[in-house]
Amino acid sequence: MSSWQIYAVGLIAQLLFSGRLLFQWILSEKHKKVLTPSLFWKLSLLASFLLFVYGYLRADFAIMLGQAITYFIYIRNLQLQGEWQKAPFLLRTFLYIFPLLIVVYSYNNNSYDIQKLFNNDAIPIWLLLLGSAAQIIFNLRFFYQWIYSERKKKSSLPMGFWVLSLIGALLILGYAVLRKDPVLFIGHITGCFIYIRNITLSKNK
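Residues numbered from 1 in each chain as written. Predicted model: local features only at pLDDT ≥ 70, side-chain atom pairs only at ≥ 80, totals over all residues. Heavy atoms only, no water.

1. Re the overall build of the protein chain
Okay, so step 1: A tally of regular secondary structure across the protein chain gives 8 helices and 0 strands.
Okay, so step 2: Out of the 205 residues in the protein chain, the part that is buried amounts to 47%.
Okay, so step 3: Taking the contacts inside the protein chain whose residues are at least 6 apart along the sequence as the reference set, 74% of them involve residues at least 24 apart.
Okay, so step 4: Looking at the protein chain as shown, the accessible area adds up to about 10,500 Å², and 69% of this sits on carbon and sulfur atoms. (Helix = DSSP H or I, 4+ residues; strand = E, 2+ residues; numbered from the N terminus. Buried < 20%, exposed > 50% of the residue type's maximum accessible area, 1.4 Å probe, protein only. Contact = heavy atoms within 4.5 Å. Areas by Shrake-Rupley, 256 points an atom, 1.4 Å probe, with all protein chains shown as cover.)

2. Quick word on the environment of L46
Okay, so step 1: Position of L46 relative to the elements: it lies in helix α2 (residues 38-57).
Okay, so step 2: With 29 residues separating them in the primary sequence, L46 and F17 have C-alpha atoms 8.8 Å apart.

3. What to know about the nonpolar core
Okay, so step 1: In this structure, L45 and W162 are the most contacted members of the largest nonpolar core, which totals 52 residues.
Okay, so step 2: Elements represented by at least two residues in this core include exactly α1 (3-31), α2, α3 (61-80), α4 (89-108), α6 (125-152), α7 (159-179) and α8 (182-203).
Okay, so step 3: Counting residues per element, this core draws most heavily on α2, at 11 residues.
Okay, so step 4: When near neighbours in sequence (up to four residues on either side) are disregarded, L45 contacts Y71, Y74, I75, L78, W84 and L95. (Core = buried A, V, L, I, M, F, W, Y, C linked by side-chain atoms within 4.5 Å.)

4. Overview of the pattern of salt bridges
Between side chains of opposite charge, a pair can form as their charged atoms come close.
Okay, so step 1: Inspection of every chain in the model, using the stated rule, returns 5 salt bridges.
Okay, so step 2: E83 serves as the salt-bridge partner of K42, at 3.2 Å between the closest nitrogen and oxygen. Highlighted residues: K42 in helix α2 and E83 in the loop between α3 and α4, separated in sequence by 41 residues.
Okay, so step 3: When its relative accessible area of 37% is taken as the criterion, K42 is described as partly exposed.
Okay, so step 4: A salt bridge links R58 to D181, with the shortest nitrogen-to-oxygen separation between them at 2.7 Å. Of this pair, R58 sits in the loop between α2 and α3 while D181 sits in the loop between α7 and α8; the two residues are 123 residues apart in sequence, bridging distant segments of the chain. In this structure, R58 and D181 share a single accessibility class: buried.
Okay, so step 5: Three or more residues are tied together by salt bridges with common partners; here these are K42, E83 and K86. (Salt bridge = Lys/Arg side-chain N within 4 Å of Asp/Glu carboxyl O.)

5. Brief notes about empty space enclosed by the protein
Okay, so step 1: Inspection of every chain in the model, using the stated rule, returns 1 cavity of 30 Å³ or more.
Okay, so step 2: Of the pockets and cavities examined, the largest cavity occupies roughly 130 Å³.
Okay, so step 3: Together, 16 residues line the largest cavity, and F17, R20, F138, R141 and H188 are the ones closest to its centre.
Okay, so step 4: Elements that contribute at least two residues to the lining of the largest cavity include exactly α1, α3, α6 and α8.
Okay, so step 5: Here the lining of the largest cavity takes 5 residues from α1, the largest share from any one element. (1 Å grid on protein atoms, 1.4 Å probe; cavity = no way out; pocket = protein on both sides within 12 Å on 5 of 7 lines; lining within 4 Å. Points joined across faces, edges and corners; volume = space filled by probe spheres on them.)

6. Quick notes on the packing of α2 against α3
Okay, so step 1: Between α2 and α3, whose axes approach to 9 Å, the crossing angle comes to 155°. It follows from the interaxial angle that α2 and α3 lie roughly antiparallel. Between α2 and α3 the crossing geometry is left-handed. Here S38, W41, K42, S44, L45, S48, F49, L51, F52, Y54, G55 and Y56 of α2 lie close against α3, whose contacting residues are I63, M64, Q67, A68, T70, Y71, Y74, I75, N77 and L78. (Axes fitted to C-alpha atoms, helices over the stretch in contact; angles between N-to-C directions. Parallel < 35°, antiparallel > 145°, perpendicular 65-115°, else oblique. Left-handed = near helix turned anticlockwise from the far one by under 90°.)

7. Looking at the packing of aromatic side chains
Okay, so step 1: Enumeration according to the criterion identifies 18 aromatic pairs in this entry.
Okay, so step 2: Relative to Y54, the ring of Y7 has its centre 6.5 Å away and its plane inclined at 40°; by these criteria the two rings are tilted. Taken together, the residues Y7 in helix α1 and Y54 in helix α2 connect sequence positions 47 residues apart.
Okay, so step 3: What makes Y54 buried here is its relative accessible area of 0%.
Okay, so step 4: For the ring pair F161 and W162, a centre distance of 4.8 Å and an interplane angle of 90° mean the geometry is edge-to-face. Across this residue pair, the class does not change: F161 and W162 are buried.
Okay, so step 5: An aromatic cluster of three or more residues is present, and its members are F40, W41, Y74, F138, F142, F161, W162 and Y195. (Phe/Tyr/Trp six-rings, centres within 6.5 Å; stacked < 30°, edge-to-face > 60°.)

8. Examining α2
An α-helical turn contains 3.6 residues, so any two residues separated by three or four positions project in the same direction.
Okay, so step 1: In a regular helix each residue adds 1.5 Å, so 20 residues correspond to 28 Å; α2 covers 29 Å between its end C-alpha atoms and thus fits that length.
Okay, so step 2: α2 sits mainly inside the fold: 14 of its 20 residues count as buried.
Okay, so step 3: A positive backbone phi angle near 50° is found at A59, which sits one or two residues after α2. (Expected span 1.5 Å × (residues − 1).)

Given below as structure tokens:
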């Protein structure tokens, strides 16, 4: 694939991520409290799918790691909302095994190379560590949200989720600038404003 096609995949993913946040934000503003619509998780899963592919195409381990961490948490939230079971069986099966399919396909086509991921000339090891740490912190929000939702037996977005979102997004913005990655920069600069607003709404509950 050409560079512009790869960037297009990433930009579509970030547009979906931004779209879910805008939808959630508008709905929350309307009701004056933080809400968690099922469309938020559906768009999250689709965007995660595309961004994982983008990370693979750019041989960027940090991006792939970030999506691998949260991919199944999105699915779990759809299960908690009773939406996952409504999807066609074949689609659910494909989404479950998609990460494994990428690895199998790559090995069979001799394109999967650990050296390529961890010794990418465009990403020195210190920058890879920074990006990976940023992704881990950013995606810890979903582990926090998952545990919180399991305890409440419903899908919710608590205050801690938005605080971790903001901290992680700021770190990823730094990585995006150093990596010269417009896809990551565009996706997270818009998200920061919504995270701040949701923190404010959570405080006012």
